[in-house]
Each structure stands twice: as structure tokens, then as C-alpha cells.
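Each chain, written out:
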Amino acid sequence: MARSLSAQPLEEGLRRIACLLAAVLSIGCATAPRAVGPPPNVLLITADSLRADAVDYAPGGMTPAIAALAARGVRFDRAYTVTPWTAPSLVSIFTGLYPPTHGVVNRDDTTPKTLPTLPRLLGSRGYSLANFGFFTAVSYYRNLGLPEQAIAGAEVVGSQALAEWLAGAREPFFAWIHYTEPHMPYGASGYEAAEVKVKGSSGLERAQLSATLPIGAGYAFAPGDREKLVALYRADVARMDGEIGKVLAALEKRGLSARTIVVLTADHGEELLEHG
């Protein structure tokens, strides 16, 4: 359920989101005159459960698309999530607020319908909006000002759908796509898999079949499982990088790269048996 918002945290959050909006619209507080031009497009890419140490910035590395994006943009090496859970973290990204302030803390929570959000603010400035995220009809995300999900199964076919949408996108636009590849089940797209790729302990196999691994449900890991999980996870990250590369290539092909701000971030990282 939605919670009441105290004035001071809300004002702080609005200042954060206003700074981003100002950067997007080139209306910063600098006193020097700036060239007036059309506002840039904004593409927000979020990755589910992406560890910072899983991104390879070396030439010819495992994540060349992300590395190339970082090389020609601004890379933040010390960025921290507000929570290790997708729903409140994504809402914080869209609002600039901490979870206790925006109201999404527990299952089935939602935000107030009037809460200023990045999509709502950009939409009010004439931006067309596109949602290639997932599960945005559920309570957590339904009041963020996002349009309906552009395509069913976006967690699997989102890159292709977004690339096709860019061909006729009305500018300026704000588009969001969320990638689930690094999230369990490892070695699969989406949140369920029909078969395991690496057989082994009950814990190892469960981590390849389902998005959840309930504590106390009897699943156990064996010695050597961490290395197997890391290999599966890194392969998922590499596959996601390939999908991101398709979207960036589509921007380039449509002649949109020079006038599109691309923001890539993660909702949180991932624990791969470092703590047992």
C-alpha cells in the first residue's frame, strides 16, 4: 500500500530528479549562455542483478558493448544501490527517492499516483514514452507514469522490439528497457527454465530452473558449485551485452546516437555463494 510522504525527503528526491531532468533538457544552472536546440532523446537501460565486477572493460573483453558505451561516455565506478531488491530499487531510479519515502518497501506496495517521476516529468515536456520493461502492471510500477508494456515477453524479445520501435519513434522520446539475463535462473532468459545446463547439486540445479531459491526449502550446494554458478552467470552477462549491442547498433543505424542520452545502470548486484 502507498505511504504518506514527508516533505523534506520528497523535496530532496525532487531535487535529484530535477537535476537529471535539467541535464536531459540542457537547462542547467550555469550562467553562461548555451546553444538552444531540440531536447535529446533518453534511453534508460537497466540490468537485473548485474554485479559491477562482472562487466569487462578491457579491449576484446566479455562485454564489448557496455565497454564501448563507457569509453565514449561517463563511467561511475562507485555507484551503490539503495536496496538489494528489484522493485524498490527501480522505483528509486525513477523517482530519486529512497524506498521509505516513495513507499515501495514490501510486497504489493505501490507509489502515490501523483508522485513526480522521470517518465511523468519528461512526458509533461512533450516526450513520447515507450516501455520495454517487464511486469509494469503490478503494484510496484503501475503509478510511475509509464505507458503500458510495449510488447509481451519483453524480458526475452525486448531488444528486437525496441530496435524496431526506434525506426518510427517520435522525438524527443524516453524509452526504458530492462534486462533480466543476469538474474536467476542462470543460463536462461526470463524467470523460468525447462532444463538445466550443468547438472549437480539440488541448489545448483534449482538456480538454473527458477528465479527464486527459497531459504529453508531443502536446497543444498556442493563444493565447487560457486565456480559453476559464476561461469553460468558471466555467460548470462555476456549474452545481455550482446542484446544491448543490438539496441545501440539500432540507434546508430537510425541516426539517433548523436542526439540520444543512453543511461545504463543496474537495480542491484548478485551474491554468488560468497557468504555460503
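Note that the coordinates shown come from a computational prediction; the quantities given were computed from them, not determined experimentally.

Conventions and cut-offs
Residues numbered from 1 in each chain as written. Predicted model: local features only at pLDDT ≥ 70, side-chain atom pairs only at ≥ 80, totals over all residues. Heavy atoms only, no water. Helix = DSSP H or I, 4+ residues; strand = E, 2+ residues; numbered from the N terminus. Polar contact = N/O pair within 3.5 Å; in protein donor to acceptor, adjacent residues only side chain to side chain. Contact = heavy atoms within 4.5 Å. Core = buried A, V, L, I, M, F, W, Y, C linked by side-chain atoms within 4.5 Å. Buried < 20%, exposed > 50% of the residue type's maximum accessible area, 1.4 Å probe, protein only. pLDDT = per-residue confidence, 0-100. 1 Å grid on protein atoms, 1.4 Å probe; cavity = no way out; pocket = protein on both sides within 12 Å on 5 of 7 lines; lining within 4 Å. Points joined across faces, edges and corners; volume = space filled by probe spheres on them. Nonpolar A, V, L, I, M, F, W, Y, C, P; charged D, E, K, R; others polar.

K.L.:
Report on the side chain of His 178, specifying residues and quantitative values.
P.N.:
Of note, His 178 is situated in strand β3 (residues 173-179). Within polar-contact distance, the side chain of His 178 engages the side chain of Thr 46 at 2.6 Å. What His 178 contacts, discounting residues up to four positions off in sequence, is Thr 46, Ala 47, Asp 48, Leu 90, Phe 132, Gly 133, Phe 134 and Asp 267.

K.L.:
Residue-level account of the nonpolar core, with values.
P.N.:
Proteins that are soluble and globular tend to have nonpolar side chains buried together. Formed by 37 residues in total, the largest nonpolar core has its most connected members in Leu 50, Leu 162, Tyr 186 and Met 240. Put simply, the parts of the chain that give this core at least two residues each are β1 (41-47), α2 (64-71), β2 (128-132), α6 (154-166), β3 and α8 (225-253). It is α8 that provides the largest number of residues to this core, a total of eleven residues. Counting 16 residues, the second largest nonpolar core, distinct from the first, contains Leu 44, Val 91, Tyr 140 and Leu 144.

K.L.:
I'd love a proper account of the confidence of the model for the protein, names of residues and values included.
P.N.:
When pLDDT is averaged along the protein, the result is 87; 86% of the residues meet or exceed 70. Predicted confidence for residues 1-7 stays below pLDDT 50, and this span has 17 contacts to residues more than four positions away or in other chains. Across residues 21-33 the pLDDT falls below 50, and counting only partners more than four positions away or on other chains, this stretch makes 17 contacts in the model.

K.L.:
Give a description of the environment of Asp 56 that names residues and reports values.
P.N.:
Position of Asp 56 among the secondary structure elements: in the loop between β1 and α2. By relative accessible area, Asp 56 is classed as partly exposed at 24%. For the pair Asp 56 and Ala 238, spaced 182 residues apart in sequence, the C-alpha to C-alpha distance is 9.3 Å. Apart from the residues within four sequence positions on either side, Asp 56 is in contact with Gly 61, Met 62, Thr 63 and Ala 67.

K.L.:
Which residues make up the layout of surface pockets, and what values do they have?
P.N.:
Left-over empty space is what a probe sized like a water molecule reveals as it rolls over the atoms. When its volume is computed, the largest pocket comes out at roughly 1,900 Å³. Together, 49 residues line the largest pocket, and Phe 76, Ala 79, Val 263, Leu 264 and Thr 265 are the ones closest to its centre. Mapped onto the lining of the largest pocket, the elements with two or more residues apiece are α1 (7-25), β1, α2, α3 (86-95), α8 and β4 (260-266). Across the lining of the largest pocket, the residue classes tally to 30 nonpolar, eleven polar and eight charged. As for the second largest pocket, its lining consists of 35 residues, of which His 183, Met 184, Ala 211, Thr 212 and Glu 270 are closest to the centre. Of the residues assigned to the lining of the second largest pocket, the class counts are 22 nonpolar, nine polar and four charged.

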